[in-house]
Amino acid sequence: METAMPKTNWMIRAAVVAGLMVLALLPVFMSRGSLSLVNEMLILAIAATGLNLMLGYAGMVSFGPAGIYAVGAYTTALILYDTQVPFALAFVAGPLLAALVSTLVGWFCVRLTHVYFSLLTLAFSQIIHTIIFEWYGFTKGDDGIVEIPIPALLEPIVNYYYFSLIILCVCLGLMWMIVNSPFGKTLQALRENPGRTEFIGIHVRRYQLSAFILSGFFLGVAGSLYCGFNKNVFPDYADMMKSTEMLVVCLLGGIYSFLGPTVGSIVYMFLDKIITRFTEFWPLALGLVIIGLLIFLRGGVVGFLSDRIAAARHKEREAPSDVSS
Amino acid sequence: MNLQGFVIQLLSGVSTGMVIFLIAVGLSLIFGTLKVLNLAHGALYMLGAYCCYWVSSSLSHLPGSFWLSLIFAPLMVALFGGIVEFFLLRRMYNREFLEQFLLTFALILIIADLCKLAWGVDYQTIDTPWPLEGAAIWGSLIFPWYNLFLILCGPLFYVGLWMLLNRTRLGRVIRAVTYNREMANALGVNVPLVYTAVFMLGCWLAGMGGALVAPMSAVMPGMDAVVLIDCFIIVVIGGLGSLSGAFLGSLIFGLVTAFGIMVVPRLAIAFGFILMMVILIIRPWGLMGKPE
């Protein structure tokens, strides 16, 4: 086991470096349309990994991540649209406000557990959706905010792509540090057994609230980034379908591994692209994929692969002992 | 607001509440016994409405085609639910909450697309059935007969379900399984069968709700989403798993939406959510539920 671990780490590291190199070189040989698809994938990966801090690491099933995501998107959109504030500030304001709203929402939500927690997060995200939808004077309601001005430097898709890639790397790096810190380990302990974690002197709610806020911050980053990418924002960013999409992405990749949601967003985008080419019934196909996943591929793509790797290694080690006996 | 307007609003609030009671009570029963929050409940309601349209339009040469479809449509939905429970949901009982959630979400996508495949994207309508056409006129009050019929349906189904749960053998078994599944199993109750029965009952109720709604609103894709969230609000207000809670919650919800729309029309949708949040924060087990 001791010798096996570094080998896996080495393989994963190599895969990550290779993946990054491919991502960095993509603009050279990819059409603008495909590149914008990959860009969308990067943003989805940030949102899903952010959600997974709360979902996979702390075991808190939120039904309303899209509400917080939309707070980030609308904050950046409104600042850019209504004021002359520079892009950098507007971009930072999104995640900060998202974290602030998460603090408020989370303060109530962490008092509940299980399905009640989920339903309260859903109620809050629906409230956010209603505010965006109905407060026409402020958010332009149903019409959305269109043609949001962004700096000329980020205007070409290639530049925005690199910008997104950098933000993705920074965010994933930060989150990697978070989940491997004592704080992250505590969250996992909490997921496994909240009662016992409390016995060893951990303030459960405070940790859950922190996870909620951090999650909200990264959802806000994704929202702001998407606002600049799409240059339009609409109320359906906050709706339940968007929330569920994020949950599906996390599950598709695997919620118990750090890169699961990232892999999930790649798989999701590919599925979307391939299936919509053949049929207009994308929801039907997605539904069947989810069911197949739940029945045949527990633990998501990453979980499945790591099980396979573990099994192969197990065999490898078994084989020589068979010979000797 | 004059008295006449008040009465009309009261009646329409109660009639909305009573239809949605059927759907919400199914959701609540399923959660209470199976411990699964069935997100596909709204989709099953939509399926009921489509089945009602389908049966009543293909039997339109017969008198009372709507009443026949009111019998057949909910049964079709129940049958569909039985198949889903047997082949899919049954594998999920020992899984995590998130996995159950995603399974029922996948069902929404599948049911919605199957409805589109079968009946297209245009909206369909059903005529108000004989003998409930027109409106009751009482002085200056005018109110559709059909909605009065719906108001009558709510308490009827409530009493029926109460009798089923409290006065029959099946009801006793369901309550035993809800209370302690291992113990019921040890005493020789066929728990998986009870689960299938309860899920089918919930689906039947959702289908019934859909069939009853069909004559008063258009049957179309997307009608499921709003209902699902309304049901969440109701079962949270009343208490997840509680029959009387679902009834009370539906009444409150119907009235709050009906009168809310008169006071602040733009925030009418928000009232339900605010109510749900307040209940979750101060009394998560709902008005009629018991704390865990």
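Here the structure is a predicted model, which is why all the values come from computation and not from measurement.

Draft legend 1. Region of interest: the overall build of chain A. The secondary structure content of chain A amounts to 14 helices and zero strands. Walking chain A from its N terminus toward its C terminus, one meets helices and strands in the order α-α-α-α-α-α-α-α-α-α-α-α-α-α. Here the C-alpha radius of gyration of chain A, 21 Å, is about what a compact globule of 325 residues would show, namely 20 Å. For the C-alpha atoms alone, the extent of chain A along its principal axes is close to 80 × 55 × 40 Å. Counting only residues that meet the buried cut, chain A has 45% of its 325 residues in that class. Here the analysis covers contacts within chain A between residues at least 6 apart in sequence; of these, 78% occur between residues at least 24 apart.

Draft legend 2. Layout of the overall build of chain B. In terms of helices and strands, chain B carries 11 helices and two strands. A globule of 292 residues ought to have a C-alpha radius of gyration of about 19 Å, and chain B, at 19 Å, matches this closely. Principal axes of the C-alpha set define a box for chain B whose edges measure 60 × 50 × 35 Å.

Draft legend 3. The packing of helix 2 (residues 32–57) of chain A against helix 12 (residues 260–278) of chain A, seen in detail. Residues and elements named next belong to chain A. In contact at an axis separation of 8 Å, helix 2 and helix 12 are set at 140 degrees when each is read in the N-to-C sense. Here helix 12 runs oblique to helix 2, going by the angle between their axes. Regarding helix 2 and helix 12, the two cross each other, and that crossing is right-handed. In this structure, helix 2 contributes Leu37, Glu40, Met41, Leu44, Ala45, Ala48, Thr49 and Asn52 to the contact, and helix 12 contributes Gly260, Pro261, Thr262, Gly264, Ser265, Ile266, Met269 and Lys273. Split by residue class, the contact of helix 2 with helix 12 holds eight nonpolar, six polar and two charged.

Draft legend 4. Region of the structure containing the interface of chain A and chain B. Each partner contributes residues to the interface: chain A has 28 residues there, and chain B has 29 residues. Listed by contribution, the elements that provide at least two residues to the side of chain A that touches chain B are helix 5 (114–134), helix 11 (240–253) and helix 13 (282–296) of chain A. A total of 11 residues in the side of chain A that touches chain B trace back to one element, the largest contributor, which is helix 5 of chain A. Of the residues in the side of chain A that touches chain B, the class split is 22 nonpolar, five polar and one charged.

Draft legend 5. Here's a closer look at the environment of isoleucine 12 of chain A. Within the element layout of this structure, isoleucine 12 of chain A appears in helix 1 (residues 4–29). Placed 272 residues apart in sequence, isoleucine 12 of chain A and leucine 284 of chain A show a C-alpha to C-alpha distance of 34 Å.

Draft legend 6. Here's a closer look at the nonpolar core. Of all hydrophobic cores here, the largest spans 188 residues; its most connected members are Ile46 of chain A together with Ala49 and Val77 of chain B. Looking at this core element by element, the count peaks at 15 residues for helix 10 (residues 204–230) of chain A. In contact with isoleucine 46 of chain A, other than residues within four places in its own chain, are Leu168, Cys171, Phe218, Val221, Ala222 and Leu225 of chain A.

Draft legend 7. Quick peek at the pairing of strand 1 (residues 135–138) of chain B. Residues and elements named next belong to chain B. Alignment of strand 1 against strand 2 (residues 141–144), held across four bridges, turns out to be antiparallel. Residue pairing in the sheet places alanine 136 in a bridge with phenylalanine 143 of strand 2. The antiparallel pairing of strand 1 with strand 2 creates a hairpin that spans two residues between the two strands, and glycine 139 there sits at a positive phi of about 65 degrees.

Draft legend 8. Inspection of the confidence of the model for chain B at higher detail. Residue and element names in this part refer to chain B. Here chain B averages 88 in pLDDT, and 99% of its residues register 70 or above. Of all secondary-structure elements in chain B, the lowest mean pLDDT belongs to strand 1, at 78, while helix 8 (residues 191–213) reaches the highest, 94. Our summary of model confidence lists the complex with pTM equal to 0.88 and ipTM equal to 0.86.

Draft legend 9. Structural view of unusual backbone geometry. All names here are of chain A. Positive phi, close to 60 degrees, is recorded for histidine 114, a residue that is not glycine. Position of histidine 114 among the secondary structure elements: in helix 5. Judged by the 14 C-beta atoms lying within 10 Å of it, histidine 114 is partly exposed. Backbone geometry places glutamate 147, a non-glycine residue, at a positive phi of 55 degrees. Note on placement: glutamate 147 falls in the loop between helix 6 (136–139) and helix 7 (157–180). Residue glutamate 147 is classed as exposed on the basis of its C-beta count, with 7 C-beta atoms lying within 10 Å.

Draft legend 10. Main features of helix 10 (residues 243–263) of chain B. Residues and elements named next belong to chain B. Between its terminal C-alpha atoms helix 10 stretches 30 Å, which fits the 30 Å expected from 21 residues at 1.5 Å a residue. Within helix 10 the residues assigned to the buried category are Leu243, Gly245, Ala246, Phe247, Leu248, Gly249, Ser250, Ile252, Phe253, Gly254, Thr257 and Ala258. Next to the buried residues of helix 10 lie helix 1 (3–34), helix 5 (145–167), helix 9 (223–238) and helix 11 (268–282).

Draft legend 11. Highlighting the packing of helix 3 (residues 65–82) of chain A against helix 10 of chain A. All names here are of chain A. Contact pair helix 3 / helix 10: the axes reach a minimum separation of 7 Å and the direction vectors enclose 50 degrees. Our classification of the angle between helix 3 and helix 10 gives oblique. Pair helix 3 / helix 10 crosses with right-handed handedness. Residues Pro65, Ile68, Tyr69, Ala70, Val71, Gly72, Ala73, Thr76 and Ala77 of helix 3 pack against Gly216, Leu219, Gly220, Val221, Ala222, Gly223, Ser224, Tyr226, Cys227 and Gly228 of helix 10. In the contact of helix 3 with helix 10, the residues fall into 12 nonpolar, seven polar and no charged.

Draft legend 12. Local environment of helix 4 (residues 97–119) of chain B. In a regular helix each residue adds 1.5 Å, so 23 residues correspond to 33 Å; helix 4 of chain B covers 33 Å between its end C-alpha atoms and thus fits that length. Within two residues after helix 4 of chain B, glycine 120 of chain B carries a phi angle of roughly 80 degrees, on the positive side.

Draft legend 13. Looking closely at the confidence of the model for chain A. All names here are of chain A. When pLDDT is averaged along chain A, the result is 87, and 95% of the positions lie at 70 or above. Least confident of the elements in chain A is helix 14 (residues 300–324), whose mean pLDDT is 70; most confident is helix 10, at 95. Scored below 50 in pLDDT, residues 321–325 shows zero contacts in the model against residues more than four places distant or in partner chains.

Draft legend 14. Region of interest: the environment of leucine 148 of chain B. Secondary-structure assignment places leucine 148 of chain B in helix 5. Note: C-alpha distance between leucine 148 of chain B and threonine 128 of chain B (20 residues apart in sequence) is 13 Å.

What counts and how
Residues numbered from 1 in each chain as written. Chains lettered and ligands numbered in written order. Predicted model: local features only at pLDDT ≥ 70, side-chain atom pairs only at ≥ 80, totals over all residues. Helix = DSSP H or I, 4+ residues; strand = E, 2+ residues; numbered from the N terminus. Rg over C-alpha atoms; globule rule 2.2 N^0.38 Å. Buried ≥ 20, exposed ≤ 12 C-beta atoms within 10 Å, placed from the backbone. Contact = placed C-beta atoms within 7 Å. Axes fitted to C-alpha atoms, helices over the stretch in contact; angles between N-to-C directions. Parallel < 35°, antiparallel > 145°, perpendicular 65-115°, else oblique. Left-handed = near helix turned anticlockwise from the far one by under 90°. Nonpolar A, V, L, I, M, F, W, Y, C, P; charged D, E, K, R; others polar. Core = buried A, V, L, I, M, F, W, Y, C linked by C-beta atoms within 7 Å. Pairing = 2+ DSSP bridges. pLDDT = per-residue confidence, 0-100. Expected span 1.5 Å × (residues − 1).

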